[in-house]
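# Chain and residue survey
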Amino acid sequence: MSTDYPDFGLDAAQRRDAVFTHRYEYPGMDGARGELWCYSDALAYAPGSLVRLMISSSVERAELEIARDGAELRVVLQQSLAGLRWQPTPEDCSVVGCGWESAFEFRIGEDWPSGAYRVSLVAAGNDGAPIRSHHLFIVKPRPGPKPRRVLQVAATGTWTAYNTWGGSNHYRGLTGPNRDQYSPTVSIERPWCRGFVVLPADAPRVPLECSPPPGAPLRYPHMEWAYATGHSTKYASAGWASYDSHFMRWAERAGYAVDLVSQHELHYEPGLLHDYDCVVMVGHDEYWSWEMRDAIDAYVDRGGHVARFAGNFMWQTRLEEGGRRQVCYKYRARAEDPVYRERDNSRTTGSWEAPETGRPGAATFGLNAIDGLYAGWGGCAARGVRGFPVYRPGHWAFRGTDLSYGDLLGAEGHAFGYEVDGLPYVIRDGLPEALPTGGAPEGLSILALGMSSLIEEPRSQADIDDRFIGDEEATYVAGLRFGDASAASVDRVKRGCGMIVHFTRGAGEVFHAGSCEWVAALLRNDAMVARVTSNVLDRYLAGS
Ligand SMILES: [Fe+2]
């Protein structure tokens, strides 16, 4: 493997800017060249529903194309649009929504299959080059039993949390007295940032594809690429293009029938889960509401099967205004979330493992984000395993893989990383066992276990100011666990892991490969990861 970081033609100052300056999409950012921006009035629609596209445009005409983005891109609608106009946008649009008027409306065809639909707009820019923009909406399945069909739940809570459009998300923002804080409230009524819907094939993923030599400075190539190409700083952290799409495409090409919903359907229409034998989540899936978890728990208890190939089940959210706004105070929850001061403060929007919430992620999915975390990038296990070290190769999920004790699953496709989920554990007679403190269901089996880190420890004095990940997560978790963020407490929490687990609960069961990058291995045709994925889907679709 190369020891050189990839080079995107940036100088040292630009590389620093790429990581540490708050860049975001805003109306007018492209100046005289002109812009086209679009969002829709919902995340997901039933067949036959009316879709309203809110478009703000500096040019009067554009060509619209809508295509289902699955095993292949299938065009369902093409239309020339005229009479487009520039619409005023409030400064706090990320928080309250853009408030644009509808510019074009159409009905979802009764025959449009459930899935993700890409909206492409193209117009002639004032400099002669085309202006392009993209949006994405979901078409829900029709109600009714769906034998042999997978229901994929898109990680729309995480897309919303990371969306940089308008300046504020759950990471950085323009809120607070100095207009420099992340926003605990974000709106879905705004365009997706650049790179969430469509990406070129050579867009780097977050985990490093090089092994930095001793003394190499910390670098974050995906953010350098974003800077060099005009994509959102968060393109590789969330979105359909980086994550969810890779499962949909792989599964359809492998012959599976896949329907798609957003997380809003779990929250508002939980009954639709019961039409399916198998429900899947993939990628970076970090933000869930209490009600969404209730939906999954009820589904599993009644005999449903959940296959989760995803990482970072971390934060509780609340939905407001009928789902148009997502609330998550995160690190500031105890200080600022008004729910924390209520008599029942279980809905405080912090970590699921916070005592006031007391609902460890592991109770639903078998793993917790705070027992896992970063692997394969920055200063976090950057030279670590790229796959899952296998401990229980005899499990049915590994049938046909030839994996043995100590083998790595998914190293070829780099399945292990960016953010992984784990549990507190002990190793007895060479086999990991979950400790009860993690909150996992009894009888849970740890099939694979790798190492991760909650902290980005500097390799040199120079690194201290150049860390993007730093120690924010470790100090937060130390505060949750021990009530203080002292060096001793941080030291007790900083060593994380990443696992594959399986358990039964009620009449159902859950298989969880806790890594954001599982889908990257599917994208890269990692045969063993594909085989394990098929083993799980086949068993669950057969209803056993
Ligand atoms: Fe995350």
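Look up a bit, the structure's there.
The model shown is predicted, which means the values in this text are computed figures rather than measured ones.

In terms of helices and strands, the chain carries 13 helices and 25 strands. Projected onto the principal axes, the alpha-carbon positions of the chain cover approximately 70 × 60 × 55 Å. Here the chain holds 544 residues, and the buried ones make up 59% of them. In the structure as shown, the chain presents an accessible area of about 20,200 Å², 49% of it carried by carbon and sulfur atoms. Computed over 54 positive and 69 negative side-chain charges, the inter-centroid distance for the chain is 1 Å.

Okay, the coordination of the iron ion next. In the first shell of the iron ion, the protein supplies H284 (NE2), E286 (OE), N312 (OD1) and E419 (OE), at 2.1 to 2.2 Å from the metal. Coordination at the iron ion is irregular: its four donor atoms span angles of 79 to 154° at the metal. In primary sequence terms, the donor set of the iron ion follows H-x1-E-x25-N-x106-E. Of the two residues, H284 and E286, both sit in the buried class.

What follows deals with the packing of helix 1 (residues 12–20) against helix 4 (residues 221–229). Axis separation between helix 1 and helix 4 bottoms out at 8 Å; the angle between their running directions is 105°. One element, helix 1, and the other, helix 4, form an angle in the roughly perpendicular class. Each of Q14, R15, D17, A18 and V19 in helix 1 lies in contact with helix 4, whose residues at this interface are M223, E224 and Y227. Looking at the contact of helix 1 with helix 4, its residues break down into four nonpolar, one polar and three charged.

Pairing is mixed across the open sheet formed by four strands, whose spatial order is 10-16-15-13. Edge positions in the open sheet fall to strand 10 (185–187) and strand 13 (287–289), since each of these has one partner strand only. Averaged over all adjacent pairs, the angle separating strand axes in this sheet is 40°, with direction ignored.

Let's shift gears to the nonpolar core. Looking at soluble globular proteins, one finds that nonpolar side chains tend to be buried together. In terms of nonpolar packing, the biggest core is built from 91 residues, with F247, F309, L409, F511, W518 and L537 touching the most fellow members. In contact with F309, other than residues within four places in its own chain, are F247, V280, M281, V282, G283, F511, A513, S515, W518, T533, V536 and L537. Counting 33 residues, the second largest nonpolar core, distinct from the first, contains A295, A362, F365 and I446.

Here the focus is the side chain of T160. By the secondary structure assignment, T160 is in helix 3 (residues 156–162). Classification of T160 as buried rests on a relative accessible area of 3%.

Turning our eyes to something else, we now look at the packing of aromatic side chains. The final tally for this structure, using the stated rule, is 38 aromatic pairs. Between W112 and Y117 the ring centres are 5.4 Å apart and the planes differ by 20°, which places this aromatic pair in the stacked class. For W112, a relative accessible area of 12% puts it in the buried group. Taking the relative accessible area as the measure of exposure, Y117 reaches 0% and is therefore buried. On the basis of an interplanar angle of 25° and a centroid distance of 4.1 Å, the ring pair of Y162 and Y171 is categorised as stacked. Through successive ring pairs, a cluster of aromatic residues spans F247, W250, Y256, F309, F388, W396, F416, F511, W518 and Y540. Note that R359 overlies the ring of W290, its terminal NZ or CZ placed 4.5 Å from the centroid.

Our focus in this paragraph is the pattern of salt bridges. Per the counting criterion, the structure on display carries 37 salt bridges. Among the salt bridges present, the one from R386 reaches E209, with a minimum N-O distance of 2.9 Å. With R386 in the loop between strand 17 (368–375) and strand 18 (388–389) and E209 in the loop between strand 10 and helix 4, this pair connects stretches of sequence that are 177 residues apart. Connected through salt bridges with shared partners, the residues D294, D297, D301, R359 and R505 form a single ionic network.

What follows covers the environment of R68. Tracing the sequence through the fold places R68 in strand 4 (residues 62–69). C-alpha of R68 to C-alpha of A116: the two residues are 48 residues apart in sequence and 5.7 Å apart in space. The residues contacting R68, other than those within four sequence positions of it, are L73, R74, P113, S114, G115, A116, Y117, M248, E252 and V258. Looking at R68, its side chain comes within polar contact range of the main-chain oxygen of S114, at 2.9 Å.

Rules and cut-offs
Residue numbers here run from 1 along each chain, matching the order of that chain's written sequence. Local features in this predicted model are restricted to residues whose pLDDT is 70 or higher, and side-chain atom pairs enter the listing and the counts only when it is 80 or higher, whereas totals over whole chains, interfaces and linings include all residues. Excluded from the side-chain calculations are hydrogens and water; all other atoms, namely the structure's heavy atoms, are used. Think of it this way: any DSSP run of H or I at least four residues long counts as a helix, any run of E at least two long counts as a strand, and we number them from the N terminus. Residue burial is assigned from relative accessible area. The probe radius is 1.4 Å, only protein chains are included, and a residue is buried under 20% of its type maximum, exposed over 50%, and partly exposed in between. For accessible areas, the Shrake-Rupley method is used with a probe of radius 1.4 Å. Any residue's cover is judged against the shown protein chains and nothing else. Counted charges follow a simple rule, with Lys and Arg positive, Asp and Glu negative, and His plus the chain ends left uncounted. By convention, the point assigned to a charge is CZ for Arg, NZ for Lys, CD for Glu and CG for Asp. Donor selection uses N, O and S atoms within 2.8 Å of the metal (3.2 Å for Na, K and Ca). Since no water is included, sites may look incomplete. Geometry assignment treats four donors as tetrahedral when all angles are between 85 and 135 degrees, treats four as square planar and six as octahedral when opposite donors are over 155 degrees apart and all others between 65 and 115, and treats everything else as irregular. Under this scheme, a helix contributes an axis fitted over its contacting stretch, all axes are lines through C-alpha atoms, and angles between N-to-C directions fall in the 0 to 180 degree range. Throughout, the term roughly parallel applies to angles under 35 degrees, roughly antiparallel to angles over 145, roughly perpendicular to angles from 65 to 115, and oblique to all others. Whether two residues are in contact is decided by their heavy atoms: any pair within 4.5 Å suffices. Any residue outside Ala, Val, Leu, Ile, Met, Phe, Trp, Tyr, Cys, Pro, Asp, Glu, Lys and Arg is labelled polar, Gly included; the first ten of those are nonpolar and the last four are charged. A pair of strands is labelled paired if DSSP reports no fewer than 2 bridges between them. In this text, buried Ala, Val, Leu, Ile, Met, Phe, Trp, Tyr and Cys residues form a nonpolar core when linked through side-chain atoms within 4.5 Å. Pairing of aromatic rings covers Phe, Tyr and the six-membered ring of Trp, with a centre-to-centre limit of 6.5 Å; geometry is then stacked below 30 degrees between planes, edge-to-face above 60, and tilted otherwise. Geometrically, a charge over a ring is one whose NZ (Lys) or CZ (Arg) sits within 6 Å of the ring centre while staying within 35 degrees of the ring normal. The salt bridge definition used is simple: a Lys or Arg side-chain nitrogen within 4 Å of an Asp or Glu carboxyl oxygen. N or O atoms closer than or at 3.5 Å make up a polar contact, with two conditions inside protein: a donor-capable atom paired with an acceptor-capable one, and, for residues adjacent in sequence, both atoms drawn from side chains.

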